[in-house]
Amino acid sequence: MSRLPFPGAYPTTRMRRLRTDGWIRELVAEHRLSPSDLIWPIFVVEGDRRQPVESLPGVERHDLASAVEACRRARDLGIPAVAIFPMIDRALRSEDGAEACRAGNLVCRAVSAIKAAVPDLGIVVDVALDPFTSHGHDGVIRDGRILNDETIEILVRQAVVQAEAGADIVAPSDMMDGRIGAIRAGLDGAGRQDVKIMAYSAKYASAFYGPFRDAVGSTGVLVGDKKTYQMDFGNSDEAMREVELDLREGADMVMVKPGLPYLDIIRRVRDGFGVPVLAYQVSGEYAMMKAAAQNGWLDYDKALIEVLTAFKRAGAAGVLTYGAVDAAVLLG
């Protein structure tokens, strides 16, 4: 009596059976992408104008009225939240970034306007000083050094005024040690216990941030680099320590930034802590796809969905992407 082939071996098992038709591929798909997985970063600017960002094709800086309309569209497409980043007038930039703490600043007015017009849309705000400092760094500088504790004091005030303007999530992106605990205490002390903290816990000193710096007006302003506070891109265990510290201090969710070059970090954090992990498909990642598509080298629509699905596969609960609206339209 002949024996059957070993169970699971060819030809009894043919992996291609579950790929024969679109309906079966959909049925057995392990990961699905939807608009509800996306956060849309938008740039705001003073005045009555919309400005294209040359290094980010398809991305604009919005005046407040335009930002409100853009956010309405995002909500209607099923995108649950937007992240606001400002381009501040150079005259308002200072050594200590004091404009970041003024209740009537551009970010706070944008938050208030969007929340009033689209109350069911989540609003994420960046807690960092780089758009507000004359030197382009995320902290206060003295004798060429970024001062950690002095910077934290300013970040706490910044987070509180943003929360009071109506922000749902504050997202400290500065990478100062101890800032999550200080911001949590500041928010709670101001009666803003329900405001959530999305910590940029594993933010790497990356070459992929260039177009973003164009968008917020920091190109040509930044003095030196950010390697004394952003992470070395060769490190992985360090990211786990950063995440653990931020969670101990009160972070509700954590972020890995950039995204695609750091899928391994996303997976390690998700497996190691079981908390919501966000990925940021940063400006350089998005711009590369756009530039390649403009040259006919790849299909932008297909590449965008593939990459965003890769973030989900790696364990991301959500993705910040400049292509959020494009993806939401494609996903129908």
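What counts and what doesn't
Residues numbered from 1 in each chain as written. Predicted model: local features only at pLDDT ≥ 70, side-chain atom pairs only at ≥ 80, totals over all residues. Heavy atoms only, no water. Helix = DSSP H or I, 4+ residues; strand = E, 2+ residues; numbered from the N terminus. Rg over C-alpha atoms; globule rule 2.2 N^0.38 Å. Buried < 20%, exposed > 50% of the residue type's maximum accessible area, 1.4 Å probe, protein only. Areas by Shrake-Rupley, 256 points an atom, 1.4 Å probe, with all protein chains shown as cover. Salt bridge = Lys/Arg side-chain N within 4 Å of Asp/Glu carboxyl O. Phe/Tyr/Trp six-rings, centres within 6.5 Å; stacked < 30°, edge-to-face > 60°. Lys NZ or Arg CZ within 6 Å of the ring centre and 35° of its normal. Patch = residues over 30% accessible without salt bridge, like charges linked within 9 Å, V, L, I, M, F, W, Y side chains within 5 Å. UniProt positions renumbered as here; feature names shortened; annotations may be inferred. Contact = heavy atoms within 4.5 Å. Axes fitted to C-alpha atoms, helices over the stretch in contact; angles between N-to-C directions. Parallel < 35°, antiparallel > 145°, perpendicular 65-115°, else oblique. Nonpolar A, V, L, I, M, F, W, Y, C, P; charged D, E, K, R; others polar.

Draft legend 1. Up close: the overall build of the chain. A count of helical and extended segments in the chain gives 11 helices and 12 strands. For a compact globule of 332 residues, the expected C-alpha radius of gyration is about 20 Å, and the chain comes in at 21 Å, within 12% of that figure. Across the 332 residues in the chain, those meeting the buried criterion constitute 52%. Accessible surface, the chain as shown: approximately 15400 Å² in total, 52% of it carbon and sulfur.

Draft legend 2. Just the pattern of salt bridges, in detail. Applying the stated criterion across every chain yields a total of 18 salt bridges. One salt bridge connects R32 with E26, and the closest N-O pair in it is separated by 3.0 Å. For R32, a relative accessible area of 48% puts it in the partly exposed group. Residue D188 pairs with R184 through a salt bridge whose shortest N-O separation is 3.1 Å.

Draft legend 3. Local environment of the packing of aromatic side chains. All told, the structure shown has 9 aromatic pairs when counted by the stated rule. Ring geometry for F43 and F85: centres 6.1 Å apart, planes at 45 degrees, overall tilted. One end of the pair, F43, is in strand β1 (residues 38-45); the other, F85, is in strand β4 (residues 81-87), with 42 residues separating them in the sequence. For the pair formed by F43 and F85, the shared burial category is buried. Among the aromatic residues, those joined into a cluster by ring pairs are F43, F85, F212, Y280, Y286, Y300 and Y322. The aromatic ring of F212 is capped on one face by K257, whose charged end is 5.5 Å from the ring centroid. Positioned over the ring face of Y300 is K290, at 4.2 Å from the centre of the ring.

Draft legend 4. Geometry of a nonpolar patch on the surface. Side chains of L18, W23, L27 and V28 sit close together on the surface and give an oily, nonpolar patch of about 450 Å² of accessible area. Looking at where L27 falls in the secondary structure, it is placed in helix α1 (residues 22-27).

Draft legend 5. Region of the structure containing the environment of A251. Summarising the element assignment, A251 is placed in the loop between α7 (237-249) and β10 (253-257). Of the residues examined, A251 reaches a relative accessible area of 10% and is grouped as buried. For the pair A251 and Y200, spaced 51 residues apart in the sequence, the C-alpha separation amounts to 9.6 Å.

Draft legend 6. Inspection of the UniProt feature "binding site: Mg(2+)" (unreviewed entry) in the chain at higher detail. Taking the numbering used here, the UniProt-annotated feature "binding site: Mg(2+)" (unreviewed entry) corresponds to E242. By the element assignment, E242 lies in helix α7. If near-sequence neighbours (up to four positions away) are discounted, E242 is found in contact with M175, S201 and M231.

Draft legend 7. Focus on the packing of helix α10 (residues 300-314) against helix α11 (residues 324-331). Look at α10 against α11: their axes get within 10 Å of each other, and the N-to-C directions meet at 100 degrees. In terms of orientation, α10 lies roughly perpendicular with respect to α11. Counting all contacts with α10, which are made through Y300, D301, L304, I305 and L308, the residues of α11 involved are D326, A327, L330 and L331. Taken together, the residues that form the contact of α10 with α11 break down as 7 nonpolar, no polar and 2 charged.

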